[in-house]
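# Observations on the three-dimensional arrangement
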Amino acid sequence: MSDIIVLKRGLDVPVKGCADLRVSKSMNPATVAVQPGCIKGLLPRLLVKEGDRVLCGSPVIADKKNPDILLTAPVSGTVKEIVRGEKRKLLAVLIEADEKQEFAEFKPGDVRSALLSSGLWPVLVQRPYGIMADPAVTPKGIFVSAFNTAPLAADTEFTLGQQVAFIQKGIDALAQIAPVHVSLDASVKDSAFAKLKGCTLHRFQGKHPAGNVGVQISHISPIRKGETVWTLPLHGLAAIGKLFATGRYDVRRLVAVCGPAAIEPSYVETVPGTPVSCFAPFYGNTPELDRFVSGNLLSGSNVGADGYLGWADDQFTIIHEGTEEELLGWIRPIRWNRFSTDRSYFSWLMPWRKYDMDTNLHGGPRPFLMNDGYYAKVLPMDIYPVFLAKACIAGDIDKMERFGIYEVLPEDLATCEFVDPSKIYIQDCIAKGIDLMLKEMA
Amino acid sequence: MNKIFEKGGKLYWLHSSVDAFETFLHVPGTVTLKGSHVRDAIDLKRLLILVVIAAAPAALFGMWNVGYQHGLAMGQTGVHILEYFWFGFLKVLPLYIVSYGVGLAIEFASSQIRNEEVSEGYLVSGFFIPLIVPVDIPLWMLALAVAFAVILGKEIFGGTGMNIWNPALLARAFLFFSYPNYMSGSECWIAFKKGETAVADAFTGATPLALGGAPAQYGTGFWDLFIGTVPGSVGETSVIAILLGAALLLWTGIASWKIMCGSVAGALLVGWIGQAAGITDIPCYMQLLYGGFAFGTVFMATDPVTSCQTECGKWIFGLLVGMLCVMVRLFNPGYAEGMMLAILLCNTFAPLIDHCVVSAHISRRERKLKAA
């Protein structure tokens, strides 16, 4: 067992609405969406048409560049609708689910081909750039974070603690491709995942983003230019294990339904692509006042009331839109209901308190004014966040490389964006920088 | 906001100004568009108003001191504390009106030209400028200096956050080089009414440093300097009032303790060397009390925009400010006040210091990665 890696910098956003550790519902949504947009780097080619019958695990979408990479149906049923957006961009394939699920059977053989044919391949994300992994590449390592530190994130001990056997299978399979590294939360005693074998276990302790796999990689084995690593979420590892154990594509998972606007936040069992309307019991009758986030509040995506749960997400957050104006807001000495890391407010007096946050920006956009240290205190990585963000804004690839663009994804700088008094969309800057790198490096 | 102020509306040219007043009164109902869905309640308005609050003790004391120094110069005794204050207040008020009037007008106009919201940066610069100029400065000069500092020091670089030099010090530097008669000598630091002249021997003299450099300081003792009952720019005399502000800035983390400590250490070091080498016989700790050192260290050098970004760079920046300030005092009696020039010079070099620190960090990291 390796030593504990203690990360001193970071920030746990104290937001209300943590999901109770109970499964309140096992959902069987009538319609499920397969969304190619959830997978960065995938150019979708449609393999089905409306009315086609699919089994759970049947291919629905293939990648144009690499036709071996498939997206498969998470449920069995009939293709109900192909949803397209502007310029006929493929947004989603809606599948009307059967009452009784039928599974396509896979014969686990070679790991890569099994993952490709089952549609589990896209669960592997390549770093740098955070795009879908390339099957032709062998990475220097495969990294999995066995815990989440994001606000209100699903407790993996609860959601996947029972599936250690599957996770072990998944590790055994992936270890044939590259060494697997699993990071554990050092603050959890008797973690269910501490028994995993065939991988290197690392222990981390610290505030968010200590649970982000990117932060962990930078402390375990930083990515140099030219190197690639793969990452996947823990529930992805369990799904891979299930594939090799049962021969089935099964991505059903426990999802934390949480957030300050969620009614009785708790866990549900469902599949990715579940429509937001299925979560109606959690948000009441005024969906227009709420924002629905697939993922966590810092880096999840706003899917809207008619959206779907994302492919890789095990968290669904509901939060009130903060469209109300606040009279004499910033000038009041005390704003009891607002959280701030800054000492000019008094949140530091009550570190235990959780806040009913909304999506208000709390200010207007300004240029960077505070210096790098203000942001670096919530980023446990060996990089200069402001320098990196400015290099991305300037589109200076050389500088982006020097400042460590290979090691980060936007989500890793989410805490910096949260604390930013200049209200800059730092994650968006980084994402644009990565897109530019992808374009220039292609 | 009313539609006529929106794009395409008749009064669109007032958009930035209306928006500034609106957001001054209330936090707007703007929601996050992408990235993090929740945000910290802190914004620049809050951060910068704290700097103003931190400087308030120095400003209030300064107003009283203006009256007190006038009283001393005129040989008046037994005047009530509030009378002194009122005299100073009436002297300083026009400076504030000019400083904010001219500065904000330019700021609002350029925000509108750039199609941006009005930034709060000038809230602080405008508060500092009257504190670091002679109280009797003609108002047209002040207006000119403010316009110079805001336009050439800030707006042409892209506004608050983009500037290289501290705008308040730039205004002072403009006055210093353009109108040296008003910025040096023994009488400019004391306020007079029209037609008044000082009663000879009734007062101890100009700001200690203005009388041909530091050695002229002999007459003023430690406690006079520490409390601030000496002539000087409005805000710079009272070290104790400045320390109150420093405590607030350090507690809230707006100002960097590294810069402050570096600056003090640098000044002590050069002051000590100067004393040891026999260049001066002023004890090195007195250098911390003279002139604008304390005000510059606490409020000017720590400006997050124009100082160094990196933690290591902050130490270097602070040390350089302190060392240069005392060096100018020791070796160049012509420029009595070294602090302004030291900070402006270090502002110029701050990006270079950062560049070196970051480059060193990157190559160190690369070596580490290669070894791994």
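Residues numbered from 1 in each chain as written. Chains lettered and ligands numbered in written order. Predicted model: local features only at pLDDT ≥ 70, side-chain atom pairs only at ≥ 80, totals over all residues.

### Concerning the overall build of chain B
Of regular secondary structure, chain B possesses 13 helices and 1 strand. Taken from the N to the C terminus, the helices and strands of chain B come in the order α-β-α-α-α-α-α-α-α-α-α-α-α-α. Within chain B, the fraction of its 372 residues that count as buried is 53%. Long-range pairs, those at least 24 residues apart, make up 71% of the contacts in chain B with a sequence separation of at least 6. (Helix = DSSP H or I, 4+ residues; strand = E, 2+ residues; numbered from the N terminus. Buried ≥ 20, exposed ≤ 12 C-beta atoms within 10 Å, placed from the backbone. Contact = placed C-beta atoms within 7 Å.)

### Quick look at the nonpolar core
Judged by nonpolar contacts, the single largest core of 239 residues is most densely connected at I95(A), V257(A), L388(A) and I343(B). Among the elements that line this core, the one with the most residues is helix α2 (residues 44-73) of chain B, at 15 residues. Both of domain 1 (4-246) and domain 2 (361-441) of chain A provide at least three residues apiece to this core. Ignoring anything within four residues of it in the chain, the contact list for V257(A) reads A19(A), A262(A), P265(A), S266(A), V268(A), F279(A), F282(A) and F316(A). (Core = buried A, V, L, I, M, F, W, Y, C linked by C-beta atoms within 7 Å. Domains from an automatic or database assignment.)

### Looking at the confidence of the model for chain A
Averaged over every residue, the pLDDT of chain A is 92; the share at 70 or more is 100%. Looking over chain A, one finds the lowest element-wise mean pLDDT in strand β21 (residues 326-327) of chain A, namely 76, and the highest in strand β12 (residues 142-145) of chain A, namely 96. (pLDDT = per-residue confidence, 0-100.)

### A short note on the interface of chain A and chain B
Residue-level contacts link 62 residues of chain A with 43 residues of chain B. Where the side of chain A that touches chain B is concerned, the elements lending two or more residues are β18 (290-294), β21, α7 (372-376), α8 (385-394), α10 (414-419) and α11 (426-441) of chain A. In terms of residues, the side of chain A that touches chain B owes the most to one element, α10(A), which gives 4 residues. Taken together, the residues that form the side of chain A that touches chain B break down as 28 nonpolar, 17 polar and 17 charged. The sheet contact formed by β21(A) and strand β1 (residues 26-27) of chain B spans 2 bridges and is antiparallel. Looking across to β1(B), one finds that E326(A) is bridged to V27(B). (Nonpolar A, V, L, I, M, F, W, Y, C, P; charged D, E, K, R; others polar. Pairing = 2+ DSSP bridges.)

### Quick notes on the sheet that holds strand β5 (residues 53-54) of chain A
Within the open sheet, the 4 strands sit side by side as β3-β9-β8-β5 (chain A). Their pairing is antiparallel. With one partner strand each, in any of the chains shown, β3 (31-34) and β5 of chain A form the two edges of the open sheet.

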